[in-house]
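# Structural features, examined
So the chains spell out like this:
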Amino acid sequence: MSKALDGIRILDFTHVQSGPTCTQLLAWFGADVIKVEKAGEGDATRGQLRDIPNVDSLYFTMLNHNKRSITLDTKKPMGKEVLEELIKQCDVMVENFAPGALDRMGFSWERIQEINPRIILASVKGFGPGPYEDCKVYENVAQCSGGAASTTGFEDGPPVVTGAQIGDSGTGLNLALGIVTALFQRETTGRGQKVMAAMQDAVLNLCRVKLRDQQRLDRTGELREYPQYPEMEFGEAVPRAGNASGGGQPGWILKCKGWQKDPNAYIYFITQAPVWPAICKIIGEEHWITDPQYATAEARLPHLKTIFARIEEWTKTKTKLEAMDILNEFDIPCGPILSMKEIAEDESLRATGTIVEVDHPQRGRSLSVGNPIKLSDSPTEVTRSPLLGEHTLEVLTQMGISQERIKQLQEARVI
Ligand code: COA
């Protein structure tokens, strides 16, 4: 079966996580992704957090599926010539170097357009234009500057970063959407364009409910669904909300049977208004259905701690999966806290290709996340990440570079 992005060639000048997630997604949709890496070194993540000596790390292999790898020293004049040829022959160039690195290499946007006016140049940077535009940024810097850390954690503790890589993989997703949108527009304009996704912007975009709450706090002085209400004073900024739901249906994480020994024996429980009578029946507090202190969602807000403590008495008598089964029978929204071990072993996630097992000549079989976006006419087949420079000769030959020239590039240690 054909793939959605068949025929699109991507010059993948990305490294670490944010850029590689973007190009991996495009590769999963069928684009030919050519990863350009520093000769001799490659993407730094190949060697980071290794679990097997001298073998590409899982960090690298899980971010670079379905790509081809070429090595090229783009700071040497002969390397720059090859890069120019690649720019001529590719539809998209993706990069996430530190600000200014591409310009220092001699490839400004103006120069790139001169070489190929149809090319799309897509960049991830930590910050957009402004006071921090020249800063290098990693995941947690973006989480801290995008509003996630100040609003995550418990009210009596410090800011907390989340395990979800919203700054890196989140920005990669935004960039991928920007690229396909620019490809779509090129159909009518015939021109490429510059696509930019800043990590701070991506995190803030995912934290929109907190910007909503800042304005509600400014106007009313309180956030009644937050755990601070009604006992504690609110300050000027949105506080950390613990496990409170970000939406209009209050929720909290509750202990389940076995919580004393199992750190993940918990369930997320949502007291959705339409199923309030069912919740009261299950926990044996039927009088709460009509009691004016509990009967309406508004009336319940000052009593959320009492309510969740009572529900927890019930959840503590069930395992998280038993509780899930019972609650789902009554359409009560809830979610067991699944450990990474449980997720790794989940057969249904493997059946859908959300988790895949991939073979690798050096490391053998390992798990990876597959494409989270499923297209009915463009199924994803996850293939292993390339070894460093595995496709250099293949790609250069395909580009029409003569064998003699390739030999010269090898002798000059450019590839
Ligand atoms: N041949 C020769 N040189 C190459 C090369 C190649 N194939 N590929 C990269 N380089 C050079 C770059 O030109 C740059 O040189 P310069 O500093 O002399 O201009 C150098 O390698 C290092 O690039 P840089 O991006 O600064 O890497 P770093 O390891 O110091 O910083 C980041 C890493 C992630 C902090 C930085 O790239 C960054 O802030 N990126 C933007 C935000 C981002 O994506 N962050 C998330 C990462 S998950």
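For clarity, every value in this text was computed on a predicted model and none was experimentally measured.

## Some details on the overall build of the protein chain
Tallying secondary structure elements over the protein chain gives 17 helices and 11 strands in all. Across its three principal directions, the C-alpha atoms of the protein chain cover 85 × 45 × 40 Å. Counting over 415 residues, the protein chain shows a buried share of 45%. Of all intrachain contacts in the protein chain linking residues separated by at least 6 positions in sequence, the fraction that spans at least 24 positions is 65%. For the protein chain, the accessible area works out to roughly 20800 Å², and carbon and sulfur atoms hold 54% of it. Once the 46 positive and 55 negative side-chain charges of the protein chain are each reduced to a mean point, those two points are 3 Å apart.

## Examining the site of the ligand
Around the ligand, a shell composed of 24 residues is seen, among which Lys75, Ala98, Arg104, Lys136 and Val137 lie nearest. Phe97 is positioned such that a nitrogen or oxygen atom in its backbone is 3.4 Å from a nitrogen atom of the ligand. In the complex, 84% of the free accessible area of the ligand, which totals 940 Å², lies under the protein chains. Across the shell around the ligand, the residue classes break down as 11 nonpolar, six polar and seven charged.

## A word on the side chain of Thr21
Note that Thr21 resides in helix α1 (residues 18-28). Once residues lying within four places of it in the same chain are set aside, the contact partners of Thr21 are Leu63, Asp168, Ser169 and Gly172.

## Some details on α1
Burial analysis of α1 places 11 of its 11 residues in the buried class, the great majority of the element. When α1 is considered as a whole, its buried residues turn out to be Ser18, Gly19, Pro20, Thr21, Cys22, Thr23, Gln24, Leu25, Leu26, Ala27 and Trp28. Directly after α1, the chain includes Gly30, whose backbone phi takes a positive value near 110°.

## Considerations on the nonpolar core
Ile10, Leu26, Val92, Val94, Leu175 and Ile179 are the most contacted members of the largest nonpolar core, which totals 34 residues. Mapped by element, the contributors of at least two residues to this core are α1, β4 (92-95), β5 (120-125), α7 (168-189), β6 (194-198), α8 (199-206) and β10 (355-358). Aside from chain neighbours lying at most four places away, what touches Val92 is Ile8, Arg9, Ile10, Leu11, Ile119, Ile120, Ile179 and Leu183. Formed by 30 residues, the second largest nonpolar core is a distinct cluster that contains Leu72, Ile115, Ile119 and Ile401.

## Here's the deal with empty space enclosed by the protein
A complete count under the given rule lists one cavity of 30 Å³ or more for this structure. Computed from the structure, the largest cavity encloses a volume of approximately 60 Å³. Taken together, Thr61, Met62, His65, Val358, Asp359, His360, Arg363, Ser366, Leu367, Ser368, Arg384 and Ser385 make up the full set of residues lining the largest cavity. For the lining of the largest cavity, the leading source of residues is strand β11 (residues 366-369), giving three residues. Of the residues assigned to the lining of the largest cavity, the class counts are three nonpolar, six polar and three charged.

## Side note on the sheet that holds β4
Spatial ordering of the open sheet is given by β3-β2-β1-β4-β5-β6, a layout of six strands whose pairing is parallel. With one partner strand each, in any of the chains shown, β3 (67-71) and β6 form the two edges of the open sheet. This sheet shows a mean twist of 20° between the axes of neighbouring strands, independent of strand direction. As defined by bridge partners, β4 adjoins β5 across four bridges and the pair is classed as parallel. Bridging across to β5, Val92 finds its partner in Ile120. α8 contacts β5 and β6 of the sheet and is inclined by roughly 60° relative to β6.

## Considering the environment of Leu26
The topology assignment puts Leu26 in helix α1. Judged by relative accessible area, Leu26 falls into the buried class, the value being 2%. When the C-alpha atoms of Leu26 and Lys374 are compared, they prove to be 13 Å apart, with 348 residues separating the residues in sequence. With residues near it in sequence (within four places) discarded, Leu26 still touches Leu5, Ile10, Ala31, Ala176, Ile179 and Val180.

## A look at the layout of surface pockets
Counted as a void, the largest pocket has a volume near 950 Å³. Lining the largest pocket we find 36 residues, and of these His15, Lys38, Asn96, Phe97 and Ala98 sit closest to its centre. Secondary structure elements with two or more residues in the lining of the largest pocket: β2 (32-37), α4 (101-104) and β5. Taken together, the residues of the lining of the largest pocket sort by class into 16 nonpolar, 10 polar and 10 charged. Put simply, the parts of the chain that give the lining of the second largest pocket at least two residues each are α1, α2 (58-61), α7, α14 (340-344) and β11. Residue composition of the lining of the second largest pocket, by class: 18 nonpolar, 12 polar and no charged.

Procedures and definitions
- Residues numbered from 1 in each chain as written.
- Predicted model: local features only at pLDDT ≥ 70, side-chain atom pairs only at ≥ 80, totals over all residues.
- Heavy atoms only, no water.
- Helix = DSSP H or I, 4+ residues; strand = E, 2+ residues; numbered from the N terminus.
- Buried < 20%, exposed > 50% of the residue type's maximum accessible area, 1.4 Å probe, protein only.
- Contact = heavy atoms within 4.5 Å.
- Areas by Shrake-Rupley, 256 points an atom, 1.4 Å probe, with all protein chains shown as cover.
- Lys, Arg positive; Asp, Glu negative; His and termini not counted.
- Charge placed at Lys NZ, Arg CZ, Asp CG, Glu CD.
- Near = heavy atom within 4 Å.
- Polar contact = N/O pair within 3.5 Å; in protein donor to acceptor, adjacent residues only side chain to side chain.
- Nonpolar A, V, L, I, M, F, W, Y, C, P; charged D, E, K, R; others polar.
- Core = buried A, V, L, I, M, F, W, Y, C linked by side-chain atoms within 4.5 Å.
- 1 Å grid on protein atoms, 1.4 Å probe; cavity = no way out; pocket = protein on both sides within 12 Å on 5 of 7 lines; lining within 4 Å.
- Points joined across faces, edges and corners; volume = space filled by probe spheres on them.
- Pairing = 2+ DSSP bridges.
- Axes fitted to C-alpha atoms, helices over the stretch in contact; angles between N-to-C directions.

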